[in-house]
Amino acid sequence: FMKKFSIVSILALAGFIGLLFLPGDHIAVVLFQRLLISTLSLFIITNASLGIRGVVGAILNSSVLQYVGRISYGIYVFHMIVPDFFMPLLMRIMNRIGLPITLTFWSHRAVSLLLLLIVASLSWYFFEKPINDLKRFFSYHKSTDQPVQSVS
C-alpha cells in the first residue's frame, strides 16, 4: 500500500505545485487544491504513524514541534480570535501606556503568531492540562455490550 501511495503522493505534490501557477479562482484550483492537500497530509500522517527516520524524523521529533502539537488545539481555537480581538486590544493598551506601535503587514502577522502561541500556551497550562490530568481518576474498559438502538 505504501509503495502505491508514495507514487500517488508524488503525483499529488506535482499537481499541487502546478496549481500554484494558476490564479486562485481557476476551476482546477477550486476543484483539486483541497483534494491534493488532503492526499499529501494523509501521506505525512501515515508515514509519521509508521515512524520517520533520518533528518526528517529528527525534525518531526524535535521538542519545539512536540510543544506546538501539545498546544495545537489552542492554536486551532484561537487562531481567528487573536488577530481580530487580541491584536487590536494589544495595540490599544500599547497606545494607552504611551508606546504606540505601527506594524507592517508581516510584522503584524509575526506579532499575531507570537500572541497566538502565548494564548494557546496559557490555554494548555490553565485549562486543557488540568482537565487532561483528571484522566487518572477514570479507567477505560471496552464494553462488550451491544449498542442500544433507539426507537424513532
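Residues numbered from 1 in each chain as written. Predicted model: local features only at pLDDT ≥ 70, side-chain atom pairs only at ≥ 80, totals over all residues. Heavy atoms only, no water.

*Asks:* What is the right way to look at the side chain of Ser-9 in this model?
*Replies:* Mapped onto the secondary structure, Ser-9 falls in helix H1 (residues 2–19). Residue classification places Ser-9 among the buried positions, given a relative accessible area of 4%. (Helix = DSSP H or I, 4+ residues; strand = E, 2+ residues; numbered from the N terminus. Buried < 20%, exposed > 50% of the residue type's maximum accessible area, 1.4 Å probe, protein only.)

*Asks:* Explain helix H2 (residues 27–50) here, please?
*Replies:* Given 3.6 residues to a turn, an α-helix orients residues that are three or four positions apart in the same direction. Here H2 is 24 residues long and its end C-alpha atoms lie 36 Å apart, about the 34 Å a rise of 1.5 Å per residue gives. Within H2, burial applies to Ala-28, Val-29, Leu-36, Thr-39, Leu-40 and Thr-46. On its buried face, H2 sits against H1. Gly-51 occupies a position one or two residues after H2 and carries a positive phi of about 95 degrees. (Expected span 1.5 Å × (residues − 1). Contact = heavy atoms within 4.5 Å.)

*Asks:* Is there a simple way to explain the pattern of salt bridges in this structure?
*Replies:* Note that side chains of opposite charge can pair when their charged atoms are close. Considering all chains together, one arrives at one salt bridge under this definition. The salt bridge partner of Asp-133 is Lys-129, with a shortest N-O separation of 3.2 Å. For Asp-133, a relative accessible area of 32% gives the class partly exposed. (Salt bridge = Lys/Arg side-chain N within 4 Å of Asp/Glu carboxyl O.)

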